[in-house]
Each structure stands twice: as structure tokens, then as C-alpha cells.
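# Observations on the model geometry
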Amino acid sequence: MTSSVAIRYTRNLFLRSFCAVYLAVFVSIYYQAPGLYGDHGVLPARAVLENSHYKTLSAKIHYKSTLLWLAPYLGLSTSAAIDVLALLGIFFAFTGLVSQKFCIVPVFTAMWSLFFSIYQVGQVFVANNYDELLLEAGFLAVFIAPFLPHRRKVKTPHLDMISFWLCRFLAFRVLTGSVLKLLSGCPKWWSLMALKSYFETMPLPSPLARMAFDLPYWFLEVSTVYTIVCELAVPFLFFWPGRTAKITAFYAQVLLQLGILATGNFGHANSLMIAIMLSLLDDQFFYGKQKPRTVLNVLDVVLTGVLWIALFCGTVHFFGLRFSTGGVRAEISFTKMQFSTLIENALPLVVLLLIASFLLVVARSTYQVLFGQTNSSRNPVWGFCVTVFYTIVGALILTSSSTSLLSLHPKTNATAISSLQRAAYNRLHKTHIVNDYRWTPQLADYGGRPEIILEGANHVDGPWKEYNLLFKPGNVNQSLPMLGLYLPRLDWQFYWAAQSTADKQPWLLSLTHRLLHGNPDVLHLIDSSDLPFSTPPKYIRGVLYKYKFQTAMFKGAWWVREQVGEYFPAHSKDSPALEDYLRARNLLPAAKPQPLHPAWKRVLDPIRQLSNQFEGSLLVWAVLATAFAIIVSINSR
């Protein structure tokens, strides 16, 4: 970033990419909101808020910070207010995507606030790192965006240095959290056969996961090594002073994210990670303008080549890469104890290096605002004050985030984290400005993937007929679709419930209750085109199966399965045990609807009716395609 306009185009692309992610997320939430959070949804948002009904507005906000508290003052019910928040989010994200003029601080602040407000009542359906990542990255985007449209061309490289460094630091923490895969001692990761299991057992595999599952063993071993190196070693290049190292790291990480995106349906997660990775680039990368070759440029390329050669040699040595009959084989050449000792000793040093890197960026930023050729140099006092503010914010994030880094190892978690760091982390984590990214450390060895299948019958002795969900394994003859940025939260949660027990999944019995009553909003979230009953059955039960990919690809069924046992017993529509269970958790549908002003109803109902004509993932793609068509139309004028 030696030029005062070095990342202006990159910044705009970064912000518009975030708008695309926000747009997909808000459309997905809007589409699923009635079935998930409506008055008759699986987990009514109304139930989360009504315990504080008689508190003052300030007390309500202190209890749970969400714009939904304003619903009664605007003549809205809670479920209608969620629709309004999602629609506002769609509007802001759409305008920001189609026009740079709307990629400004007020718009990004509004999108973050709207998503956070919905997140606060999302309950188990937002209990994942991907939504937390959007909140933390969205907060950083506020600092990257210009404050007003007419200021988007203002030269502010001193601020971009700090804010983009924080984005790289976020990407670093997200990726290096995967160190737990090896620290946990998971045999699948240590045998380098993790991807073989991963493709079959990931939450929502795509059709390409089946093809990847059948790749040669040597290729899966090498791919596992590539994944480990990309997550644990390559992120250190994010902070290398030269631009070439950052660009090559960008290519490596995008390749990894595209591989995950192609084989699994993780919603907005991978697209968001790619958007964050744009912070590694500069305008020269896109414009392709060749600058005069200087000694520093040549040195940058040479040092980057040395770094990658050293990384390659280290990978060959520590992972025992060698040619053999049939391909390249790999075997980890270090022990679990050696790796644990390395991480224990390295984590404090890594934190110190990150602090040094941040201080270097702050020093460069301060020098540029005081002596560089920027608009801020016309008023260096103001520019210096703004730089100090960004530095304080960055230092607070760095200090609190180091808690999550040091906690990756039990010993550094106990000895290297101060009480001040923990207090700062806890305070910021309440608003998810800082989070702890701990991806699943171990791949469970179930000999397949556990799946819960809901079955209905009109007699307790059967015959039992299955309910099919749209995006998770069910019918063994059907493959799963490629969803892109759409995250079906109900299907997603079934995956985690199958690894637990029914008594810890109250949402699942709430879903059963809604299906027994034939609630249309909930039926809209499953395969309503192929319901097993024309009217709701008298009984529904949960059965646990173990699914595996069919051995012969493209021949017969897509899956093979065997029944493991009962997940939860049959419940009837008027089962006292079921109603008592849901009543104790405030999950029964409200007997009396909340008031909704007729004017709101006239506006919201037609939009809902129109959106219901689409399937969820198609609606997301349709809205994104419309936005990109407008962009092309504007640019072609």
C-alpha cells in the first residue's frame, strides 16, 4: 500500500461483496422466518421477548438488544417485525450491491443492526460460527466504508491500512482455529483420511461431495495435507510486508474455499470468507498496470518465492510426501505430543508477532497521515485523531481476540491470558464483535452419517410414512441440490440433533407438534409437494438411521441406510406429555395473535405471497441475479 489510492477499487469491491452476502442472508431469513420464528413457528420469537413484556424499554434493551422491542410502538406483531427487519436488510443490501454510492457507513451500520436484531431471537437456528462470523466481519466493514457517498473517492490509505489489517487478522483467527483438529488427536485427521469421512458426513453435502468421496485415496490424502497447510501455515503470509506473498496466499485460500463451496452447502460461509480475503489485494491486482521494476519489487518476488519453497519443503518433510505406485502418498512424520508442545510454545509468540505487525501498520498509518500525500494531510490534526480512534478500536479487538487464540491450547489458556483480556473478550463477545472460532475438532466415527427421519401414521402400529425435507438426506433415491448462498436452517439443525439426544433438542418436538397440527408455515420449510398425508397424521415419531453413500455411483439409490433405533417415541396431536414439555419451555403457539395494524398487513401480505411462489434457494439466486443484471445494465451505458 505504497500508493494513496492503492486499494480504493479493492475497498469498493470488498464492500459490494459484503452487500451480496448480506443480501443472500436477509432473503434466506425472510423466506424461512414464518416457519422458524412466527407465532406458530418452530421457535416463536415472541416467546423470547414476552417474559420482559412489562419492563421499561431501556430494561428490555439491556436484557436483549434488538430492534424488535419497537414493534408494538409501530403497530407490528413480533413475527411481522421480523419480516420488516429482513425486508429492510434486503433493501439496504440490494442498493449497496448495485451502486457504490450506498456502500457507506450508515448503510453498513443499518445492515449489521438489522441482522444482529434478528440474531438475538434466532435461538438454536443461529447457533453456528457462520452467523457470528458475519456479525464480526460486518462490524469491520463499517470501519472500511466511507461515511458519505461524496467521500468514497477521498484518499484515506492510513485508515485502510488499519481496517484491512483487522480483516486479515479475522481471517487468520478463523482459519487457525482449525488447529484443534490435530490437537484433539482425531484419528481421521492424523491418518490424513479426514476428507474421505468429511464428504460423506458433512451437514449438507452437495452432489459433488459424492464424486469427491470416490476420488483415489492418494488424492484425498494430499487434499487433506493441502487443507491443513492452508489453515495453519498459509495464514501467516497475510501479515508479510510484501504484496506478492499476500496475493499468492489469496489464491491458495480461494482455492480452498471454492472446494468447500463446491462439495458442501454451508450457506454464506465460504462466500463471506472469500469476501474477507479481498483485504489481501490491492488495485494493481485488478488493474494489471505494470509499475516500473524496482529493487524492492524484485526483492518482494524473490522473498515470496523463498517463502513458498520453504513452505513446500516443510510440507514434504513433516507430511512425508513421496511418490509411490498409483500416486503421491503422505504420512504425518511428527507425533501428537510434539505437535501439542509446538502449539503450546508457539501461541504466545504468535500473539507477540501479531502485536508487532499491528504496531508497524499503525506506525505507517501515522506517518502517512502526517507526512504522506493524502487528503488528511491538509488537516493533519483531524487525520491524526481519526487514526488514533481506529488504532484504539484495533487494539481493543486485537487484545480481546488474542484470548481466543491463546485458549486453543489448554496450558496457554490457563497461564497466558490475563483477567483484563478475558473481561474485554466477554464484553465484546456479547455483541459478537469478537468471537471464538472453534470448528468441529473431531470427525465422529459413526460408520456413516446419523440422520433423524420423522415418520407419521394414523395408528400407533403403523404403517409409518416418512416426511422428507428438501435439503438433507432422506429419500435414499434422491441426491441433494447445490444451494449456493442459501442456508436451510431447519435441515441444517437436523444434522446436529442427530449427534445428540431428543431431550436436548426441544425445537424438534416443537416441530413435531406443528406437523401434527398441519401448520402451513412449517410445512413450507419441508417437501410439501410430496407430503405423505393429505391431512395431518395422528402420530409422529423420530427414527434414527445411519446413511452411507451407495458404493456404485450413479447406479440405483444415492444412499444406503440402516435403522439404528428410535430417536423419540410416537406423539399424538393431543399428547399431554408433549404439550406439557412444550409449555414448560414456552414453545406452545400463542392462543391470541398479537395486534397488527391493517396498513402493515396490506403491505406485507402481497410480498409474502410473492416470495412463497419460489423455493428458497431459487429466490436467493433470483434476487442476486436481478442485482447483477442491474449492475451490468448500469456499467454498459
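Residues numbered from 1 in each chain as written. Predicted model: local features only at pLDDT ≥ 70, side-chain atom pairs only at ≥ 80, totals over all residues. Heavy atoms only, no water.

Below, the discussion takes up helix H20 (residues 419-429). Of the residues making up H20, those classed as buried are Gln421, Ala424, Tyr425 and Leu428. Here the buried residues of H20 occupy an arc of 100 degrees about the axis, which is enough to place them on one side. Looking at H20, the residues exposed on the side facing more than 90 degrees away from the buried face are Ser419 and Arg427. Elements in contact with the buried residues of H20: helix H18 (380-406). (Buried < 20%, exposed > 50% of the residue type's maximum accessible area, 1.4 Å probe, protein only. Helix = DSSP H or I, 4+ residues; strand = E, 2+ residues; numbered from the N terminus. Arc of directions from axis to C-beta. Contact = heavy atoms within 4.5 Å.)

The next thing to look at is the side chain of Glu451. As for its position among the elements, Glu451 is in strand S3 (residues 449-457). In this structure the side chain of Glu451 is engaged in a polar contact, spanning 2.8 Å, whose partner is the side chain of Arg449. The contacts of Glu451, once residues within four sequence positions are left out, are Lys472, Pro473, Ala498, Val543, Leu544, Tyr545 and Tyr547. (Polar contact = N/O pair within 3.5 Å; in protein donor to acceptor, adjacent residues only side chain to side chain.)

Right, let's get into the pattern of salt bridges. Side-chain pairs of opposite charge can arise where the charged atoms are in close proximity. Scanning all chains against the criterion turns up 20 salt bridges. Between Glu50 and Arg46 there is a salt bridge; the shortest N-O distance is 4.0 Å. Residue class for Glu50 comes out partly exposed when judged on its relative accessible area of 36%. With a shortest N-O distance of 4.0 Å, Glu344 and Lys411 are connected by a salt bridge. With Glu344 in helix H17 (residues 336-371) and Lys411 in helix H19 (residues 410-415), this pair connects stretches of sequence that are 67 residues apart. A relative accessible area of 49% places Lys411 in the partly exposed class. (Salt bridge = Lys/Arg side-chain N within 4 Å of Asp/Glu carboxyl O.)

A separate point is unusual backbone geometry. Residue Pro463 is bonded to the preceding Gly462 through a cis peptide linkage, with omega at 5 degrees. Examined against the element boundaries, Pro463 turns out to sit in the loop between S3 and strand S4 (465-466). Positive phi, close to 55 degrees, is recorded for Gln123, a residue that is not glycine. Looking at the secondary structure, you find Gln123 in the loop between helix H5 (105-119) and helix H6 (129-144).

Turning next to helix H4 (residues 78-98). For H4, built from 21 residues, the straight-helix expectation of 30 Å at 1.5 Å per residue is met to within 8% by its first-to-last C-alpha distance of 30 Å. Within H4, 16 of the 21 residues are buried, which leaves the element mostly enclosed by the surrounding structure. (Expected span 1.5 Å × (residues − 1).)

Next up on the list: a nonpolar patch on the surface. Together, Tyr367, Leu370, Phe371, Phe384, Val388 and Ile392 make up an exposed nonpolar region whose accessible area comes to about 600 Å². Its place among the elements puts Leu370 in helix H17. (Patch = residues over 30% accessible without salt bridge, like charges linked within 9 Å, V, L, I, M, F, W, Y side chains within 5 Å. Areas by Shrake-Rupley, 256 points an atom, 1.4 Å probe, with all protein chains shown as cover.)

Moving on, we come to the confidence of the model for the protein. Interpretation of this model should avoid reading the predicted coordinates in detail wherever pLDDT is low. Across the protein, the average pLDDT comes to 89, with 95% of residues at or above 70. This model gives residues 1-5 a pLDDT under 50, and the stretch forms 14 contacts once residues within four places in sequence are excluded. (pLDDT = per-residue confidence, 0-100.)

Take the packing of H5 against H6 next. Contact pair H5 / H6: the axes reach a minimum separation of 9 Å and the direction vectors enclose 160 degrees. Comparing their axes, H6 and H5 come out roughly antiparallel. In this structure, the crossing between H5 and H6 has a hand that is left-handed. Across the interface between the two elements, Val105, Phe108, Thr109, Trp112, Phe115, Phe116 and Tyr119 from H5 touch Asp131, Glu132, Leu134, Leu135, Gly138, Phe139, Ala141 and Val142 from H6. In terms of residue class, the contact of H5 with H6 is made up of 11 nonpolar, two polar and two charged. (Axes fitted to C-alpha atoms, helices over the stretch in contact; angles between N-to-C directions. Parallel < 35°, antiparallel > 145°, perpendicular 65-115°, else oblique. Left-handed = near helix turned anticlockwise from the far one by under 90°. Nonpolar A, V, L, I, M, F, W, Y, C, P; charged D, E, K, R; others polar.)

What follows concerns the environment of Ile104. Examined against the element boundaries, Ile104 turns out to sit in the loop between H4 and H5. The exposure class assigned to Ile104 is buried, which follows from its relative accessible area of 10%. Residues Ile104 and Leu148 lie 44 residues apart in sequence; the distance between their C-alpha atoms is 5.7 Å. Sequence-distant contacts of Ile104, defined by excluding residues within four places in its chain, comprise Ala145, Pro146, Phe147, Leu148 and Pro149.

Attention shifts here to the packing of aromatic side chains. Across all of its chains, the model carries 44 aromatic pairs by this definition. For the pair Phe125 and Trp507, a centre-to-centre distance of 5.8 Å together with 65 degrees between the ring planes defines the contact as edge-to-face. A residue pair is termed long-range when its members are at least 10 positions apart, and Phe125 in the loop between H5 and H6 and Trp507 in helix H22 (residues 506-516) qualify at 382 residues. Residues Phe125 and Trp507 agree in their burial class; the two are buried. With centroids separated by 5.3 Å and ring planes inclined at 85 degrees, the aromatic side chains of Phe494 and Trp507 adopt a geometry described as edge-to-face. Separated by 13 residues along the polypeptide, Phe494 in helix H21 (residues 489-497) and Trp507 in helix H22 bring together distant segments of the chain. Residue Phe494 shares its accessibility class with Trp507, and that shared class is buried. The rings of Trp165, Phe169, Phe172, Phe236, Phe239 and Phe358 are connected pair by pair, giving a single aromatic cluster. Here Lys196 stacks its cationic end above the ring of Phe213, 3.9 Å away from the centre of that ring. (Phe/Tyr/Trp six-rings, centres within 6.5 Å; stacked < 30°, edge-to-face > 60°. Lys NZ or Arg CZ within 6 Å of the ring centre and 35° of its normal.)

Consecutive side chains along a regular strand alternate between the two faces of the sheet. Here nine bridges tie S3 to strand S5 (residues 539-549), and the two strands are oriented antiparallel to one another. Within the sheet, the bridge partner assigned to Gly456 lies in S5 and is Ile540. Alignment of S5 against strand S6 (residues 559-572), held across 10 bridges, turns out to be antiparallel. From the neighbouring strand, Lys548 faces S6, where its bridge partner is Val560. (Pairing = 2+ DSSP bridges.)

Let us look at the nonpolar core. Within the largest apolar cluster, 201 residues are counted, with the highest numbers of intra-cluster contacts made by Phe108, Ile276, Leu490, Trp507 and Leu511. The element contributing the most residues to this core is helix H1 (residues 8-37), with 18 residues. (Core = buried A, V, L, I, M, F, W, Y, C linked by side-chain atoms within 4.5 Å.)

Here the focus is the sheet that holds S3. Strand order across the open sheet formed by four strands is S4-S3-S5-S6, with antiparallel pairing between neighbours. Strands at the two margins of the open sheet, each flanked by one partner only, are S4 and S6. Pairing of S3 with S4 involves two bridges; the strand directions are antiparallel. Residue pairing for S4: Gly456 is matched across the bridge by Lys465.

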